[in-house]
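An overview of the molecular structure
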Amino acid sequence: MSEHLLSVQDLHTSFFTDSGEVHAVNGVSFNLDPGEVLGIVGESGSGKSVTAYSIMQILADTGRITSGHILYKGQDLTTWDARQMSGFRGKCCSIVFQDPMTSLNPVFTIGNQLREAIELHTDRKGKASLARAIEMLELVGINEPQKRVKQYPHELSGGMRQRVMIAMGTICRPGYLLCDEPTTALDVTTQKGIIELIRCMKDEHDMGIVFITHDLKLLKNFADKVIVMCRGRVVESGTVEEIFTSPRDEYTRGLIAAIPDRSRRIAGAQDVRMDTI
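The notes below deal with the structure included here. Note that this is a predicted model, so its numbers are computed, not measured. (Residues numbered from 1 in each chain as written. Predicted model: local features only at pLDDT ≥ 70, side-chain atom pairs only at ≥ 80, totals over all residues. Heavy atoms only, no water.)

Turning our eyes to something else, we now look at the overall build of the protein chain. Of the regular secondary structure elements, the protein chain holds 12 helices and 10 strands. Computed over its C-alpha atoms, the radius of gyration of the protein chain comes to 20 Å, within 12% of the 19 Å expected for a compact globule of 277 residues. For the C-alpha atoms alone, the extent of the protein chain along its principal axes is close to 65 × 55 × 45 Å. Counting the 277 residues in the protein chain, one finds 47% classified as buried. When contacts within the protein chain are restricted to residue pairs at least 6 apart in sequence, long-range pairs at least 24 apart make up 67% of them. (Helix = DSSP H or I, 4+ residues; strand = E, 2+ residues; numbered from the N terminus. Rg over C-alpha atoms; globule rule 2.2 N^0.38 Å. Buried < 20%, exposed > 50% of the residue type's maximum accessible area, 1.4 Å probe, protein only. Contact = heavy atoms within 4.5 Å.)

Of all 9 residues making up helix 1 (residues 48-56), 7 are buried, and the element is well covered by its neighbours. At the exit of helix 1 stands Gln 57, carrying a positive phi of roughly 55°.

Right, let's get into the side chain of Glu 181. With respect to the helices and strands, Glu 181 occurs in the loop between strand 7 (176-180) and helix 8 (188-205). Of the residues examined, Glu 181 reaches a relative accessible area of 9% and is grouped as buried. Aside from chain neighbours lying at most four places away, what touches Glu 181 is Lys 48, Gln 98, Ile 212, Thr 213 and His 214.

Let us look at the packing of aromatic side chains. In this structure the tally under the stated criterion is 5 aromatic pairs. Their ring planes at 75° and their centres at 5.0 Å tell us that Tyr 72 and Phe 88 sit as a pair that is edge-to-face. With a gap of 16 residues between them, Tyr 72 in strand 4 (residues 63-72) and Phe 88 in helix 2 (residues 82-88) connect regions that are remote in the sequence. Given the relative accessible area of 6%, Tyr 72 is considered buried. Considering the side-chain rings of Trp 80 and Phe 88, the 5.4 Å spacing of their centres and the 90° angle between planes classify their relative orientation as edge-to-face. For the pair Trp 80 and Phe 88, a shared accessibility class is recorded, and that class is buried. Here the aromatic cluster, defined as three or more aromatic residues joined through ring pairs, consists of Tyr 72, Trp 80, Phe 88 and Tyr 176. (Phe/Tyr/Trp six-rings, centres within 6.5 Å; stacked < 30°, edge-to-face > 60°.)

Two elements in contact, helix 4 (residues 110-121) and helix 7 (residues 158-170), have axes separated by 9 Å at closest approach and are oriented at 20°. By the angle class used here, helix 4 and helix 7 are roughly parallel. The handedness of the crossing between helix 4 and helix 7 comes out as right-handed. Every residue of helix 7 that contacts helix 4 at Ile 110, Gln 113 and Leu 114 is listed here: Val 164, Ala 167 and Met 168. In the contact of helix 4 with helix 7, the residues fall into 5 nonpolar, 1 polar and no charged. (Axes fitted to C-alpha atoms, helices over the stretch in contact; angles between N-to-C directions. Parallel < 35°, antiparallel > 145°, perpendicular 65-115°, else oblique. Left-handed = near helix turned anticlockwise from the far one by under 90°. Nonpolar A, V, L, I, M, F, W, Y, C, P; charged D, E, K, R; others polar.)

In this section: the sheet that holds strand 6 (residues 93-96). Read from one edge of the open sheet, 6 strands run 6-7-8-3-9-10, paired in mixed fashion. Two strands close off the open sheet at either side, each with one partner strand: strand 6 and strand 10 (233-239). Neighbouring strand axes in the sheet, compared pairwise and without regard to direction, differ in orientation by 15° on average. One ladder, built from 5 bridges, connects strand 3 (residues 37-41) with strand 8 (residues 208-213); its direction is parallel. Residue pairing for strand 8: Val 41 is matched across the bridge by Thr 213. Helix 7 rests against strand 6 and strand 7 of the sheet, and its axis sits at about 170° to strand 6. (Pairing = 2+ DSSP bridges.)

If you look at the biggest cluster of nonpolar residues, it comprises 48 residues, and the most contacted ones within it are Ile 198, Ile 209, Phe 211, Leu 216 and Val 226. Beyond its immediate sequence surroundings of up to four residues, Ile 209 is in contact with Leu 32, Glu 36, Val 37, Leu 38, Leu 177, Cys 179, Ile 198 and Lys 202. By size, the runner-up hydrophobic cluster in this structure holds 32 residues, among which are Phe 15, Val 25, Val 50 and Leu 77. (Core = buried A, V, L, I, M, F, W, Y, C linked by side-chain atoms within 4.5 Å.)

Let's shift gears to helix 7. The end-to-end C-alpha distance of helix 7, which contains 13 residues, comes to 19 Å, matching closely the 18 Å that a straight helix rising 1.5 Å per residue would cover. Most of helix 7 sits inside the fold, with 10 of its 13 residues counted as buried. Of the positions making up helix 7, those classed as buried are Gly 159, Met 160, Arg 161, Gln 162, Val 164, Met 165, Ile 166, Ala 167, Gly 169 and Thr 170. (Expected span 1.5 Å × (residues − 1).)

A separate point is the sheet that holds strand 2 (residues 20-32). Strand-to-strand pairing in sheets goes through backbone hydrogen bonds, with the strands running parallel or antiparallel. Taken in spatial order, the 4 strands make up an open sheet running 2-1-4-5, and their pairing is antiparallel. Each of the sheet's edge strands pairs with one partner strand only, and the pair in question is strand 2 and strand 5 (75-76). Across 10 bridges, strand 1 (residues 6-17) lies against strand 2 in antiparallel orientation. Bridged to Leu 11 within strand 2 is Val 28. Along the sheet, helix 1 makes contact with strand 1, strand 2 and strand 4, crossing strand 1 at roughly 105°.

Everything listed here is a matter of coordinates, which is why it stays silent on function.
So, in structure tokens, the structure goes:
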């Protein structure tokens, strides 16, 4: 059997506080292959984001992976030191956060922030890195990229800032991209555009995608497989079809039942209109 692009095996992560140890992730396991989309779904506090931060090893000072393995093409990242992980992030894996306004540095231009990633992980410097930054902004659908590289994050809309984050995350063509609720703060139309952009970037670079969300419906036409988390544990996993058509766990069934039924809303709206005639 060939190696997976990413293999998380029995991952345990805890936070050590004055009140004691808090078990945030308890025995999470999954595999990800190139070009595949894995959805991680669960309510707030389920451990899905901590799982992503553990994979990237960007936990808060009080957080620590206590056991388990995170394999990238067979190499165990849990044995790597800070220097090795620093070189790995951005080049081999990257992450897109929920709120780009807090992820982007407000005192540097968009161009400077993109060029930093380019010059850190590639041999492009100076004008070459600037040209690549402009190229990436155009690739992710931002108009007037020559103008945008000179602007600051607050001068862009929320959707444009998220596109910048996706450009930054994929600029070095990493093996996989972690998306931590990247559409939560966006309106429905912009949300659809961001999902389609992530899909296009995945197809172009054959990246693996780990997409974290509390919105199970969002994954229905996007993910290949899904794991459902609750209280730090995986309560169910399977293909998208299996999760939606034959969920086994009560928690998963509850998430599916909570998805708004558009047909019922339309019927209800028609009834209201009929009542007013």
